[in-house]
Amino acid sequence: MPELPEVETIVTGLKANLLGRRVKELVFISPHLKKKQLPGAFRPEAYRRRKILDIWRRGKMIVFRFDGQLGLLVHLKMTGQLFLADPARKIDKHTHARLTFYGLKKELLFRDIRKFGFLNCLALSQIEEKIKTDLGPEPFEISLNDFRYLLKRHGQKRLKNWLLDQKIIAGIGNIYSDEILFRARLSPFRLAGSLTEEQAVRFYRAARRVLEEAIALKGSSISDYVDAMGEKGGYQRRHRVYARDGQLCPRCHREKIVRQKINGRSTFYCPACQL
Ligand SMILES: [Zn+2]
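Computed from a predicted model, the values in this text were never measured in an experiment.

> What exactly am I supposed to notice about the packing of helix 1 (residues 4–18) against helix 7 (residues 197–216) here?
Relative orientation of the contacting elements helix 1 and helix 7 amounts to 40°, with a least axis distance of 9 Å. Taken together, helix 1 and helix 7 sit at an angle that is classed as oblique. For the crossing formed where helix 1 meets helix 7, the hand is right-handed. Mapping the contact onto sequence places Leu4, Pro5, Glu8 and Thr9 in helix 1 and Leu211, Ala214 and Ile215 in helix 7. Among the residues forming the contact of helix 1 with helix 7, the class breakdown is 5 nonpolar, 1 polar and 1 charged.

> I'm lost on the environment of Tyr176 in this one. Help?
In this structure, Tyr176 sits in helix 6 (residues 174–183). Judged by relative accessible area, which is 0%, Tyr176 ranks as buried. Sequence separation between Tyr176 and Gly13 is 163 residues, and the spatial gap between their C-alpha atoms is 21 Å. Dropping the residues within four chain positions of it, Tyr176 is found in contact with Glu3, Pro5, Glu6, Val210, Leu211, Ala214, Gly219, Ser220 and Tyr235. Side chain to side chain, Tyr176 and Glu6 meet in a polar contact 2.5 Å long. One polar contact links Tyr176 to Ser220, side chain to side chain, over a distance of 2.7 Å.

> Please clarify how helix 3 (residues 124–134) should be interpreted in this entry.
Residues lying three or four places apart along an α-helix face the same way, a consequence of the helix completing one turn every 3.6 residues. All of the buried residues in helix 3 are Leu124, Ile127 and Ile131. Viewed end-on, helix 3 has its buried residues packed into an arc of 60°, placing them on one side of the element. For helix 3, the exposed residues set more than 90 degrees away from the buried face come down to Lys132 and Thr133. Buried residues belonging to helix 3 abut strand 2 (52–58), strand 3 (61–66), strand 4 (70–75) and strand 8 (118–123).

Scoring rules and cut-offs
Residues numbered from 1 in each chain as written. Predicted model: local features only at pLDDT ≥ 70, side-chain atom pairs only at ≥ 80, totals over all residues. Heavy atoms only, no water. Axes fitted to C-alpha atoms, helices over the stretch in contact; angles between N-to-C directions. Helix = DSSP H or I, 4+ residues; strand = E, 2+ residues; numbered from the N terminus. Parallel < 35°, antiparallel > 145°, perpendicular 65-115°, else oblique. Left-handed = near helix turned anticlockwise from the far one by under 90°. Contact = heavy atoms within 4.5 Å. Nonpolar A, V, L, I, M, F, W, Y, C, P; charged D, E, K, R; others polar. Buried < 20%, exposed > 50% of the residue type's maximum accessible area, 1.4 Å probe, protein only. Polar contact = N/O pair within 3.5 Å; in protein donor to acceptor, adjacent residues only side chain to side chain. Arc of directions from axis to C-beta.

The structure is reproduced here in structure tokens:
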């Protein structure tokens, strides 16, 4: 699933190409997107001639702001892709929406093999309301003090689950939670409330560092991820624990990386140097 660094990379590409563009047409190609619209949703026709004023990431979601207070909320979930393509490209059965623009040769496609993603046509105020109830703060915006407070407040959660809970902190999924905990030398099983002062600081810094490095390399291409230009990321080559079970720990060289499920999610860690 695309996480914060991948979605951030997609947004950078979309902004470079789409800011200030006027929509020619938004088309839902397959009916499941229509079924996923929330109450009060706009019809795709409402986007005709609307201008894109801004695009940003919040958690793992992408928000578009159009003139007239119209918005578009996109979540790629497991296998979603949002990218600019040549109109000559053949539309396959996994492509569910198409957005065309005046003065732009390329069109924006929403493709999603497993169909867990959504593209919701909402007023900007509805999107803001939804974000407020669904998402905690951003890892790059939260202060160290607030981070510490959230560790205590959700102190009974294991660190792996604490990181994955979008209502506590937004944007982190299975890959980066493992990489962050490895960097911080903390066990995914540790309870959030049990960290010492020094460990909490290390954890906070590790989260930012890992996410920054992943953004710099345009994210990790595991399974289907591509950026707004259809290009793969490079951070998968830097993964130190994720999907490396059975390999010797790259830091302590004492134990092999272990794969274990926590709340049904595969977790990779070193049992020797993550305490
Ligand atoms: Zn180790």
